[in-house]
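Tertiary structure, described
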Amino acid sequence: MSNNIFRKRQELEGITSLDDLKSETIDVLTSHESIRAFNSKTIPGDYLEAIITSARSAPTSSNLQAYSIIVVSSQEKKDSLATYSGDQNFIREAPVFLVFCADIHRLKYVTNRQGYQFEGDSLEMFLLASMDATLTMQNALVASEALGLGAVPVGSIRNEPIKVIEELNLPKGVYALVGLAIGYEKEGVRRGIKPRLPQKVTVHQEGYSTEHLEEGLKGYDRQMVARRTYEGRRVSIAGEPERDGLEYGWCEHTARRCTRPETIAASASLRENLRAILESHGFSFK
Ligand SMILES: Cc1cc2nc3c(=O)[nH]c(=O)nc-3n(C[C@H](O)[C@H](O)[C@H](O)COP(=O)(O)O)c2cc1C
């Protein structure tokens, strides 16, 4: 991976305390940037194997391994999944699209196989399986980046759950939680590591504190405005004219998105039937 691609967060945020810490893993983690445009180069088989093995190496609640990964390489299926996932074209372009599923189907099967009644229909089991699936996604993302590939998680895979269930043949108890598009990035797509909220806002010492919230939000807004993060991406508020002199930074963008949840989910319905769909597909929220 070339050095101009490798721009660590500690450089962005001026963190010097880590200068002497030579860790390739931390360099990869702190250089993360989502990539949303891929060229046609295929991913070597051993790379994909390494990515999947890394995913499977993630920690898992009680070693239940309540996840499944669907590897999608066929153009036809990627096209369908792209359409179902907010029409995001990078899913079509990516040579591989991984779909990470919360999976309690296997646990039910094993429980019955051993002659018992499955009693794990609960919110806790849903959360546990969702966490297991998410951790495997994150490991796959980091492994991809460590191999010089670009990747982006895809939460929009939840936009059309029923179509995705049919497309991927997901049995009851298996739910497509998040996707990961992986490939070689098109030249010039990087915009630089996206700044995060200041550490003092999101990381608390010994207990929750809002002491640094206001100053942190103001500083972060300035940073995101200077970076032109939201140019051409403003969320409009129905019936409200744009306020003069408004600083449209993270706070304004985030607040507007929270008043219009569909802009978070990129789907008109904000997956409003998700609970009912999941309940009819083998999950419970008791
Ligand atoms: C669970 C999850 C779902 C996401 N879904 C999408 C998505 O559907 N489409 C997309 O373009 N980016 C998606 N992203 C990427 C985020 O937009 C991105 O991580 C965030 O803006 C921070 O930017 P960065 O990853 O470049 O640092 C998702 C990220 C996560 C963690």
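Residues numbered from 1 in each chain as written. Predicted model: local features only at pLDDT ≥ 70, side-chain atom pairs only at ≥ 80, totals over all residues. Heavy atoms only, no water.

Moving on: the nonpolar core. Ranked by internal contacts, the top residues of the largest apolar core, which has 35 residues, are L98, F100, L180, I182 and F283. Those elements that place two or more of their residues in this core are α3 (45-56), β2 (96-103), α7 (123-146), β4 (174-183) and α13 (274-280). For this core, the element with the most residues is α7, which contributes nine residues. What F283 contacts, discounting residues up to four positions off in sequence, is A102, I104, F126, G173, V174, Y175 and L278. In this structure, F97, V154, L168 and V174 belong to the second largest nonpolar core, which totals 22 residues. (Core = buried A, V, L, I, M, F, W, Y, C linked by side-chain atoms within 4.5 Å. Buried < 20%, exposed > 50% of the residue type's maximum accessible area, 1.4 Å probe, protein only. Helix = DSSP H or I, 4+ residues; strand = E, 2+ residues; numbered from the N terminus. Contact = heavy atoms within 4.5 Å.)

On to the site of the ligand. Lining the immediate environment of the ligand, one finds 13 residues, of which H32, S34, R36, G155 and K194 sit closest. Taking Q88, its side chain carries an N or O atom lying 2.8 Å from a nitrogen atom of the ligand. Within the complex, 67% of the 610 Å² of free accessible area of the ligand lies under protein. In a pocket analysis with a 2 Å cut-off to the grid points, the ligand is assigned to the largest pocket. Taken together, the residues that form the shell around the ligand break down as four nonpolar, five polar and four charged. (Near = heavy atom within 4 Å. Polar contact = N/O pair within 3.5 Å; in protein donor to acceptor, adjacent residues only side chain to side chain. Areas by Shrake-Rupley, 256 points an atom, 1.4 Å probe, with all protein chains shown as cover. 1 Å grid on protein atoms, 1.4 Å probe; cavity = no way out; pocket = protein on both sides within 12 Å on 5 of 7 lines; lining within 4 Å. Sits in = over half its atoms within 2 Å of the grid points. Nonpolar A, V, L, I, M, F, W, Y, C, P; charged D, E, K, R; others polar.)

The tally for this structure, following the rule as stated, stands at six aromatic pairs. Considering the side-chain rings of Y175 and F283, the 6.3 Å spacing of their centres and the 70° angle between planes classify their relative orientation as edge-to-face. One end of the pair, Y175, is in strand β4; the other, F283, is in the segment after α13, with 108 residues separating them in the sequence. Residue F283 is classed as buried on the basis of its relative accessible area, which comes to 4%. Pairwise contacts between aromatic rings join F126, Y175, F283 and F285 into one cluster. Geometry around Y184 places K41 over its ring, the cationic atom sitting 4.1 Å from the centre. (Phe/Tyr/Trp six-rings, centres within 6.5 Å; stacked < 30°, edge-to-face > 60°. Lys NZ or Arg CZ within 6 Å of the ring centre and 35° of its normal.)

Distances and angles like these do not, on their own, reveal function.
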